[in-house]
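# Residue-level structure breakdown
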Number of protein chains: 2
Amino acid sequence: MASSSSSISFIFLLLLFTISVAAAQIKPIYLPGTYQSSLLKKQEKTKIPFKTHYFPQILDHFTFLPKSSKVFYQKYLINDKYWHKGGPIFVYTGNEGNIDWFAANTGFMLDIAPKFHALLVFIEHRFYGDSMPFGNKSYKSAKTLGYLNSQQALADYAVLIRSLKQNLSSESSPVVVFGGSYGGMLAAWFRLKYPHIAIGAVASSAPILQFDKITPWSSFYDAVSQDFKEASLNCYKVIKGSWAELDALSAHEEGLTEVSKIFRTCKGLHSVYSAWDWLWEAFVYTAMVNYPTKANFMMPLPAYPVEEMCEIIDGLPKGAPKLSRAFAAASLYYNYTQTEKCFNLEGGTDAHGLHGWDWQACTEMVMPMTCSNESMFPPSSYSYKEFREDCKKKYGVEPRPHWITTEFGGYKIEQVLKRFGSNMIFSNGMQDPWSRGSVLKNISASIVALVTQKGAHHVDFRSETKNDPDWLIMQRKQEVVIIQKWLEDYYRDLKQN
Amino acid sequence: MASSSSSISFIFLLLLFTISVAAAQIKPIYLPGTYQSSLLKKQEKTKIPFKTHYFPQILDHFTFLPKSSKVFYQKYLINDKYWHKGGPIFVYTGNEGNIDWFAANTGFMLDIAPKFHALLVFIEHRFYGDSMPFGNKSYKSAKTLGYLNSQQALADYAVLIRSLKQNLSSESSPVVVFGGSYGGMLAAWFRLKYPHIAIGAVASSAPILQFDKITPWSSFYDAVSQDFKEASLNCYKVIKGSWAELDALSAHEEGLTEVSKIFRTCKGLHSVYSAWDWLWEAFVYTAMVNYPTKANFMMPLPAYPVEEMCEIIDGLPKGAPKLSRAFAAASLYYNYTQTEKCFNLEGGTDAHGLHGWDWQACTEMVMPMTCSNESMFPPSSYSYKEFREDCKKKYGVEPRPHWITTEFGGYKIEQVLKRFGSNMIFSNGMQDPWSRGSVLKNISASIVALVTQKGAHHVDFRSETKNDPDWLIMQRKQEVVIIQKWLEDYYRDLKQN
């Protein structure tokens, strides 16, 4: 098996598509396994304290072609339980998935709403969840998907928020935008592009610098590896060594049967790549959600699951094959609840219509990634040529790898924003591999970085629990204090004008 | 003749389309008369010290439809005579016309280039001049014109500037954007939306607040009237009274012949409206270009042409018909050189393909205007319904009257930009009727308003002359000092990072 690099979707497991160095080995997009799908279904049914609305949204904000004014219905959620009219509006700028799921996993906003008497609004991103401009034909081809991108999404939020404030007769209510991951990027960019609509942005785990050559391409997988290395050097070495064993089996005639046995698959595997991806996903996403408390974001997992995985590896006999030990660790991710008798590594369905990120990754969200020799994954380089060919084959359009940095900037961000902009929080946990592509240092008095060494992917946005560690309680408190200051400034300025 | 309100193009005379209160009286778009066309031709041939280039520009930055990546050739001009590599790049963000013409009329940039060792770049706006995405079919219908708008234009500038800096191997050169009128709006918006590309913006006579209900709708024509009133109360009264005389003639059987005679037309008029517009234009544009020195921007005119017009009116016998006196004053505008024996009020051709503004005015650039009872024009109201119907009839698309304020803001701009953004100059002269829709007060330490009582439409951007009054010399000096500070800050920050 050749070395691989992977383009990872922020949150969902789905889009791990491995581009092998040999073109012949290019794999189709990995779709979510039945485990994830069934879990997601359960999570989406979780009762959340929001009312659902639909907004007639314009298809294309940036042309005036006859087609542009086509309207689609954009879903958004509202909670006005704590709102005092004229009070602030906290808007979550939805990312690449069903908005209910983000609402269910952004308890922080619900936790702080009473203190601020805030209205809560969660807006679904176009082309995700129920907000499909062309119904079930939305993902059909570039002719429909062409309208799926971040600038259109930001304009959607601007139009919807303005209309909402008008309908509520609360036009002087200050708006603060919140977002995690890609949603955090959108929140940060929204504050930069629409300062007249949002007075501030809380961007949690938002890798706005993961583009072009701003952040070293190996940083993501180096960070994953560091999480495991910090938990246990042996654990890191076992995982690092397991790929070669899998590779060796793939060359073997009986390899597929052997791998199916090791991975306790429900059905015999069609490709060794499935096991490869299955492991890869487990390690990457566990690093992302290496939360300090038991949680169920991607999967039900214990507190600090990376440490748990490494305890499993370290607890097994040293002589045992590395691949078996890696499998045992990965099983924690897929089967912490111990309800699975066997694993379905292949044949997942896209039950939630979440293909969209792959389109975005192939057009604007071009984030080159490599695995260095120091990572626990096999070393791999990045070939833009292959990436481009793959995307052109899939969608028939040309990627624009420099567009995001042209439209939103990123290079020398400290210098650019030192004297421009204000009221932004970039929160990050260094356990999260995406943190390396985010803003990790204060830029100015009001564009600040809140960094925790032990935090993971937008952990600050999760509901508070009684087991939260002090550093997390402190981080959230800092966020509240800063938001409070933005609002005080706003109301003071309002009186003066 | 019913009362009228007019939507005025910033610079060119062409798009004065009168929307009469009675729908039946809606006039077609007024196209430039042969006088203007021949003058413009002469001006365009003026030798300007720039080299012409063409940049392969993407048609649609904000969708990834198969059509979006179509390329067109965008014209831009370069002068590198004064540039020291690594030094600043001064970019003019072109507005609604041939870029050569703006380059010829923005001598200020050429005047200050040696001091700053600056590279000068003038970029033509898409769908104007030679930058036609669909060649001579560019204005054919909404299917092609749909790509003509300010957001696409700003993205063009971003892409072109980034590419240019790369090609010059001068990526750390600071860029300052300049623009006058609509070009000034673009410069201001460019600094707000692309702070990572431009470190500052000089926006001269940029009415970014002339939208929605931000600026009183009557302010434009009130300002024109004030210019004339300040020159002479009698002059103002004569012009104010002339419309009724024209109106009376239009009701008369022999009226058309009589009007043709009064207006010394080369051919008999087909419509009294032509005389109406001819007068209207002369007064409005003379107010705009009420420069303190002899100049040839719209037309060759003497210093302070409003005063000259009023001297003509005041010099004629009090008993003479007001219409004749108004005609005599307007003749200064059309025939200061005294070379015209008769006037062509009808049948102008669109020799320069400048229709574009009318499309923009019908889609995004919706600037409602009325004439108050105090103005020297007949009182008129604004009917969005009629405007919309007219635009739909012409182009088949729906105007988006709130889009500019959603995309770029404008409401409570002092509050929004007090704590956001930096390095912007809004320069205005109060003689210019567009000044009322611009920023006339300092917003923060680095977002400043430079206002002169006697200045007209972007007079500060004209080449210096030996007759420039002190206030104009001072205004330009202030601009230079401020730009100097932006650059010093930039280079200091660059060293520190």
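Details of the structure are given in the entry above.
So, here's what we can say about the structure. Treat the numbers as computed from the prediction; the structure is a model and nothing was measured. (Residues numbered from 1 in each chain as written. Chains lettered and ligands numbered in written order. Predicted model: local features only at pLDDT ≥ 70, side-chain atom pairs only at ≥ 80, totals over all residues. Heavy atoms only, no water.)

## Regarding the sheet that holds strand β6 (residues 119-123) of chain B
What links the strands of a sheet is backbone hydrogen bonding, and the strands pair in either a parallel or an antiparallel sense. Residues and elements named next belong to chain B. Test applied: Two strands make a pair as long as DSSP finds a minimum of two bridges between them. Strands are runs of DSSP state E lasting at least two residues, helices are runs of H or I lasting at least four, and both sets are numbered from the N terminus onward. Lines fitted to C-alpha atoms define the axes here, with helix axes fitted over just the stretch in contact, and angles between the N-to-C directions of these axes take values from 0 to 180 degrees. Throughout, a contact is declared for two residues whenever any of their heavy atoms are within 4.5 Å.
Taking strand neighbours across the sheet as the criterion, the 8 strands line up as β3-β4-β6-β5-β7-β8-β11-β12 in an open arrangement whose pairing is mixed. Two strands lie at the open edges of the sheet, namely β3 (51-58) and β12 (447-452), each paired on one side alone. On average, each strand axis in the sheet is tilted by 20° relative to the strand beside it, whichever way the strands run. Two strands pair when backbone bridges link them, and strand β11 (residues 424-429) and β12 are joined in this way by 6 bridges, in the parallel orientation. In the sheet register, glycine 429 faces β12, and the bridge partner there is threonine 452. Where helix α6 (residues 182-193) meets the sheet, its contacts fall on β5 (89-93), β7 (175-180), β8 (200-204) and β11, and the angle it forms with β7 comes to roughly 150°.

## As for the relation of the copies chain B and chain A
Inclusion rule: Copy-to-copy superposition: least squares on the C-alpha atoms, limited to residues that have pLDDT of at least 70 in both copies.
Least-squares fitting of chain B to chain A yields an RMSD of 0.0 Å, with the superposition described by an axial translation of 0.0 Å and a rotation of 180°. Viewed as a symmetry operation, the transformation between the two copies matches a two-fold axis. Nearest to the rotation axis, the C-alpha of B:Gly421 is located 2.5 Å from it, this being the minimum over chain B. Take the interface residues of chain B: 100% of them recur as interface residues in chain A, which is what a same-surface contact looks like.

## Quick word on the interface of chain B and chain A
Often the size quoted for an interface is simply the accessible area lost on bringing the parts together. Which entries qualify depends on this criterion: When a carboxyl oxygen of Asp or Glu is within 4 Å of a side-chain nitrogen of Lys or Arg, the pair counts as a salt bridge. Residue classes follow a fixed rule: Ala, Val, Leu, Ile, Met, Phe, Trp, Tyr, Cys and Pro count as nonpolar, while Asp, Glu, Lys and Arg count as charged, and any other residue, Gly among them, counts as polar.
The interface is formed by 59 residues belonging to chain B together with 59 residues belonging to chain A. Joining chain B to chain A, the criterion identifies 8 salt bridges. Counting only elements with at least two residues in the side of chain B that touches chain A, the list comes to α4 (142-145), α5 (150-167), α6, α13 (356-363), α15 (403-408), α16 (413-418) and α17 (470-496) of chain B. Looking at the side of chain B that touches chain A residue by residue, the class counts come to 23 nonpolar, 20 polar and 16 charged.

## Remarks on the sheet that holds strand β6 (residues 119-123) of chain A
All names here are of chain A. Across the sheet, 8 strands lie side by side as β3-β4-β6-β5-β7-β8-β11-β12; this open sheet has mixed pairing. Both outer strands of the open sheet, β3 (51-58) and β12 (447-452), are each paired with one neighbouring strand and no more. Between one strand axis and the next, the sheet turns through 20° on average, direction left out of account. Judged from the 5 bridges that link them, strand β7 (residues 175-180) and strand β8 (residues 200-204) form a sheet pairing that is parallel. Counted as the bridge partner of valine 176 is glycine 200 from β8.

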